[in-house]
Amino acid sequence: MIDFEPSEEQALIIETVRQFAENEIRPRCREADERGTPDTAVLDAAHELGLVANALPESVGGGGERSALTGALIAEELGWGDMATALAILSPGLSGLPIADFGSESLQNELLPSLVGDRFVPGSLAIVEPRFDFDVFHPHTTAKADGGEIVLDGVKCQVPWLEGTSQVVVIAGENDSLAAFVVPLDAAGLSAEAEMNMGLNGLPTAELTLAGVRVPESARLAADDAAIRGLIDRGRIAVAAAALGTARAAFEVSRDYAKQRETFGQPIATRQAIAFMLADMAIEIDGARLLIWEAADALDRGEPSGRLARLAQDQMMRIGLRVADGAVQVFGGHGYIRDYLPELHLRNLAGLASFETLALV
């Protein structure tokens, strides 16, 4: 028998994160979007729940309970509250999880304890490049050995850049293979320029320029091409799950609105055009969730996940914008103004085609 029910422990995690998203994230998401930064009190409160720290090794104070499927469940609930805030909350994993998996013992002891301390400390991962021909598996950012050091050159964009970040993990090409390096923000030759985007405004991002940035060989993560491809799979599942939560939120607020809004004495939810649209939205969301769970489960079982992660990502790219646009249509003119959530959901999901590894599971 096939069982699609989360375990009792996962169900408890879902309920806990759902209540947190409803009580803490959703009420502050509009302010975060307008301000351009997430609410620090929300980040600290999320940190106390151990949503990222629980996946880090016990040897550095983490929970040692890594599960891509549980991570996807958490990302969906956080994304239901607000996608930008969700990605900010999960940002410590962008540097913490790669360092935990592939960092030397000295790197782990130096950088991971801060991520499980008393206060929220963000992380950052630079992978996307501002090129029309960008290929995540063949970056134009290069890493070259020179005199016992590594020299990094290139430009990255959509790099999460929250206040308090001290290191960024940079993915570069080296001898026709992928490589990863931990770069301190004060490295000579590294500069950052804040980005202004259409959506995800509650998550500060930057465009990074690496002009002859030199790092010691010890900054290299022991991840070969295949391992970094696996890291990208984890990023695709995480972003798809957070987007799924936002799409679910768009569906739910439009469904509830359709039940209350009346025309000619009847709720608009009883009109065939609206009812069919809402039904299609619900079907698409459930289908995408199964693809995300399948990809995450493959990761947890150590099976090849590249194709499944890509399918999950593509499905969310296809339906995310459609569901958000449908929610705006259900709201009519109200869906276009900032008094209601659909316009925020639409802007946050509009960039899904370009989002890559903004979070990890």
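Look a little higher up for the structure.
Residues numbered from 1 in each chain as written. Predicted model: local features only at pLDDT ≥ 70, side-chain atom pairs only at ≥ 80, totals over all residues. Heavy atoms only, no water.

**Thoughts on the overall build of the protein chain**
Counting its secondary structure elements, the protein chain contains 11 helices and nine strands. Its C-alpha atoms give the protein chain a radius of gyration of 20 Å, near enough to 21 Å, the size a compact globule of 361 residues would have. Counting only C-alpha atoms, the protein chain reaches 80 × 45 × 40 Å along its principal axes. By the burial criterion, 54% of the 361 residues in the protein chain qualify as buried. Long-range pairs, those at least 24 residues apart, make up 75% of the contacts in the protein chain between residues at least 6 apart in sequence. With the model as given, the accessible surface of the protein chain reaches about 16000 Å², and the carbon-plus-sulfur share is 52%. Positive and negative side-chain charges in the protein chain, numbering 28 and 54 respectively, have mean positions lying 6 Å apart. (Helix = DSSP H or I, 4+ residues; strand = E, 2+ residues; numbered from the N terminus. Rg over C-alpha atoms; globule rule 2.2 N^0.38 Å. Buried < 20%, exposed > 50% of the residue type's maximum accessible area, 1.4 Å probe, protein only. Contact = heavy atoms within 4.5 Å. Areas by Shrake-Rupley, 256 points an atom, 1.4 Å probe, with all protein chains shown as cover. Lys, Arg positive; Asp, Glu negative; His and termini not counted. Charge placed at Lys NZ, Arg CZ, Asp CG, Glu CD.)

**Digging into the packing of aromatic side chains**
In this structure the tally under the stated criterion is three aromatic pairs. With 4.1 Å between their ring centres and 15° between their planes, tyrosine 257 and phenylalanine 331 make a pair best called stacked. Here phenylalanine 331 lies in helix 10 (residues 306–331) and tyrosine 257 lies in helix 8 (residues 225–260), a separation of 74 residues in the sequence. For tyrosine 257, a relative accessible area of 13% translates into the label buried. Every member of this aromatic cluster is reached through a ring pair, and the members are Tyr257, Phe331 and Tyr340. In this structure, arginine 26 is placed above the aromatic ring of tryptophan 80, and the distance from its NZ or CZ to the ring centre is 3.9 Å. In this structure, arginine 229 is placed above the aromatic ring of phenylalanine 137, and the distance from its NZ or CZ to the ring centre is 4.3 Å. (Phe/Tyr/Trp six-rings, centres within 6.5 Å; stacked < 30°, edge-to-face > 60°. Lys NZ or Arg CZ within 6 Å of the ring centre and 35° of its normal.)

**Thoughts on the environment of threonine 37**
The topology assignment puts threonine 37 in the loop between helix 2 (29–35) and helix 3 (40–49). You can call threonine 37 partly exposed: its relative accessible area is 32%. Measuring from C-alpha to C-alpha, the distance between threonine 37 and alanine 84 comes to 9.0 Å, with 47 residues separating the pair along the chain. When near neighbours in sequence (up to four residues on either side) are disregarded, threonine 37 contacts Ala32, Asn201, Gly202 and Pro204.

**Quick look at the pattern of salt bridges**
Applying the stated criterion across every chain yields a total of 28 salt bridges. Residues arginine 28 and aspartate 39 are paired through a salt bridge, measuring 3.6 Å at the closest nitrogen-oxygen approach. Of this pair, arginine 28 sits in the loop between helix 1 (8–25) and helix 2 while aspartate 39 sits in the loop between helix 2 and helix 3, and the two are 11 residues apart along the sequence. The exposure class of arginine 28 is partly exposed, given its relative accessible area of 29%. The exposure class of aspartate 39 is buried, given its relative accessible area of 17%. Note that aspartate 297 and arginine 301 form a salt bridge whose closest N and O atoms lie 2.7 Å from each other. Taken together, the shared-partner salt bridges connect Arg18, Glu76, Glu77, Arg248, Glu252, Asp286 and Arg289 into one network. (Salt bridge = Lys/Arg side-chain N within 4 Å of Asp/Glu carboxyl O.)

**Remarks on the packing of helix 9 (residues 272–300) against helix 10**
For the pair helix 9 and helix 10, interaxial distance at closest approach is 9 Å and the crossing angle is 155°. One finds that helix 9 runs roughly antiparallel with respect to helix 10. When the axes of helix 9 and helix 10 are compared, the crossing they make is left-handed. (Axes fitted to C-alpha atoms, helices over the stretch in contact; angles between N-to-C directions. Parallel < 35°, antiparallel > 145°, perpendicular 65-115°, else oblique. Left-handed = near helix turned anticlockwise from the far one by under 90°.)

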